[in-house]
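In case you want the letters, here they are:
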Amino acid sequence: MPSRSVEFPPALISLLRAASKVAVLTGAGVSQESGLRTFRDAQTGLWAQYKPEELASPEAFARDPKLIWDWYAWRREAVKSVRPNPGHYALASMEKHIPSFSLITQNVDGLHRMAGSQRLLELHGNIQRVRCAECYTFTETWEDDSEAVPRCQECGGLLRPDVVWFGEALPRDQLEAAVEAARSCDVFFSIGTSGVVQPAASLAFAARNRGAVVVEINAEPTPLTSKADYFLQGKSGEILPELLKQTWG
Ligand code: OAD
């Protein structure tokens, strides 16, 4: 529950009530209140402890596959033990009020789907899915070995998480749908993302250039803030449920 009641601009509430197309981009900040660390938040971000380029890249996996496999196994376990928070649920509920709604996420944790979101585009993959690094075959089961990375039963290649690493292309169908949603929406939300990783970060600008109203929800200002029509500063798990309540009751 919010510690204080938030007053939203009446024009924003009216806009949302009238909106027929809404696109939402989320980042790691949306899952922060579920207990997952964000990537870049000072002190607590995963990257305060690790250099991302040493972990989230195909080169790193080629150099030391076991280190990368173990890091993702550790993150997969962390994700298994957390639940969606009120921000995830509010977005699942927003979907029901908007005729054409797209939730675009950079998160690989699967919490939006767990909260009930259906029109979901996962731009950076999903940490729970595992596939072969060579032949792309997906697998549900594998045997963890303390010495080596498990191998594909089809071709013997190394298994890896089905997430997007630095330097890799985003899933084409998801990206194309996200760009289309951004270009055609009336309102674009950017929530809990630092907005520094492309191409996701450009979606808000694509929406703005096509005349959408851009609403940012973040604990801190970001490079998008000065360009947004509305900046709602605070925790998404507090702001979103309150925004839903004031808009649709
Ligand atoms: P970041 O860690 O870069 O940013 C998290 C953002 O969430 C920051 O702007 C915080 O201020 C904000 N934040 C933290 N707690 C919040 C809360 N409770 N409510 C609202 N906002 C909050 O995470 P992302 O922007 O998601 O990609 O990072 C984007 C991508 O960078 C990731 O998907 C990952 C990484 O490279 C890949 O691994 C390909």
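Residues numbered from 1 in each chain as written. Predicted model: local features only at pLDDT ≥ 70, side-chain atom pairs only at ≥ 80, totals over all residues. Heavy atoms only, no water.

Focus on the packing of helix 6 (residues 86–97) against helix 10 (residues 236–248)
Next up, step 1: At a minimum axis separation of 7 Å, helix 6 and helix 10 run at an interaxial angle of 30°. Regarding the angle of helix 6 to helix 10, the classification is roughly parallel. Our pair here, helix 6 against helix 10, has a crossing hand that is left-handed. On helix 10, the residues touching Pro86, Gly87, Ala90, Leu91, Ser93, Met94 and His97 of helix 6 are Ser236, Gly237, Leu240, Pro241, Leu244 and Trp248.
Next up, step 2: Among the residues forming the contact of helix 6 with helix 10, the class breakdown is eight nonpolar, five polar and no charged. (Axes fitted to C-alpha atoms, helices over the stretch in contact; angles between N-to-C directions. Helix = DSSP H or I, 4+ residues; strand = E, 2+ residues; numbered from the N terminus. Parallel < 35°, antiparallel > 145°, perpendicular 65-115°, else oblique. Left-handed = near helix turned anticlockwise from the far one by under 90°. Contact = heavy atoms within 4.5 Å. Nonpolar A, V, L, I, M, F, W, Y, C, P; charged D, E, K, R; others polar.)

Focus: helix 6
Next up, step 1: Counted at 1.5 Å a residue, the expected span for helix 6 with its twelve residues is 16 Å, and the 17 Å between its end C-alpha atoms agrees.
Next up, step 2: Inspection of helix 6 places Gly87, His88, Ala90, Leu91, Ala92, Met94 and Glu95 among the buried residues, and these make up the whole buried set.
Next up, step 3: The elements touched by buried residues of helix 6 are strand 1 (21–26), strand 2 (100–105), helix 7 (111–115), strand 7 (187–191) and helix 10.
Next up, step 4: At the N-terminal end of helix 6, a side-chain oxygen is found 2.7 Å from the backbone nitrogen of glycine 87, two or three residues along, and the residue is asparagine 85. (Expected span 1.5 Å × (residues − 1). Buried < 20%, exposed > 50% of the residue type's maximum accessible area, 1.4 Å probe, protein only. Polar contact = N/O pair within 3.5 Å; in protein donor to acceptor, adjacent residues only side chain to side chain.)

Focus on the packing of helix 1 (residues 10–18) against helix 10
Next up, step 1: In contact at an axis separation of 9 Å, helix 1 and helix 10 are set at 75° when each is read in the N-to-C sense. Looking at the two axes, helix 1 sits roughly perpendicular to helix 10. Residue-level inspection shows Leu12, Ile13, Leu16 and Arg17 of helix 1 in contact with helix 10, the latter providing Leu243, Gln246, Thr247 and Trp248.
Next up, step 2: Looking at side-chain class alone, the contact of helix 1 with helix 10 contains five nonpolar, two polar and one charged residues.

Some points on the nonpolar core
Next up, step 1: Within the largest apolar cluster, 27 residues are counted, with the highest numbers of intra-cluster contacts made by Val22, Val24, Met94, Phe189, Ile191 and Val215.
Next up, step 2: If you list the elements that add at least two residues to this core, you get helix 1, strand 1, helix 6, strand 2, strand 7, strand 8 (213–218), strand 9 (230–233) and helix 10.
Next up, step 3: A per-element tally of this core places helix 10 first, with four residues.
Next up, step 4: Residues within four places of valine 215 in sequence aside, it is in contact with Leu12, Val187, Phe188, Phe189, Ser190, Tyr230 and Leu232.
Next up, step 5: The next biggest cluster of nonpolar side chains, apart from the first, holds 19 residues, and it includes Leu123, Leu170, Phe188 and Leu224. (Core = buried A, V, L, I, M, F, W, Y, C linked by side-chain atoms within 4.5 Å.)

Quick look at the pattern of salt bridges
Next up, step 1: Per the stated rule, a full pass over the model turns up nine salt bridges.
Next up, step 2: One salt bridge connects lysine 80 with glutamate 77, and the closest N-O pair in it is separated by 3.3 Å. On the criterion of helical spacing, the pair formed by lysine 80 and glutamate 77 is a turn pair, its members being three residues apart in helix 5 (residues 65–80).
Next up, step 3: The partner of arginine 131 in a salt bridge is aspartate 162, with the nearest N and O atoms 2.9 Å apart. Taken together, the residues arginine 131 in strand 4 (residues 125–132) and aspartate 162 in strand 6 (residues 159–163) connect sequence positions 31 residues apart.
Next up, step 4: Exposure remark for arginine 131: the relative accessible area of 7% places this residue in the buried category. (Salt bridge = Lys/Arg side-chain N within 4 Å of Asp/Glu carboxyl O.)

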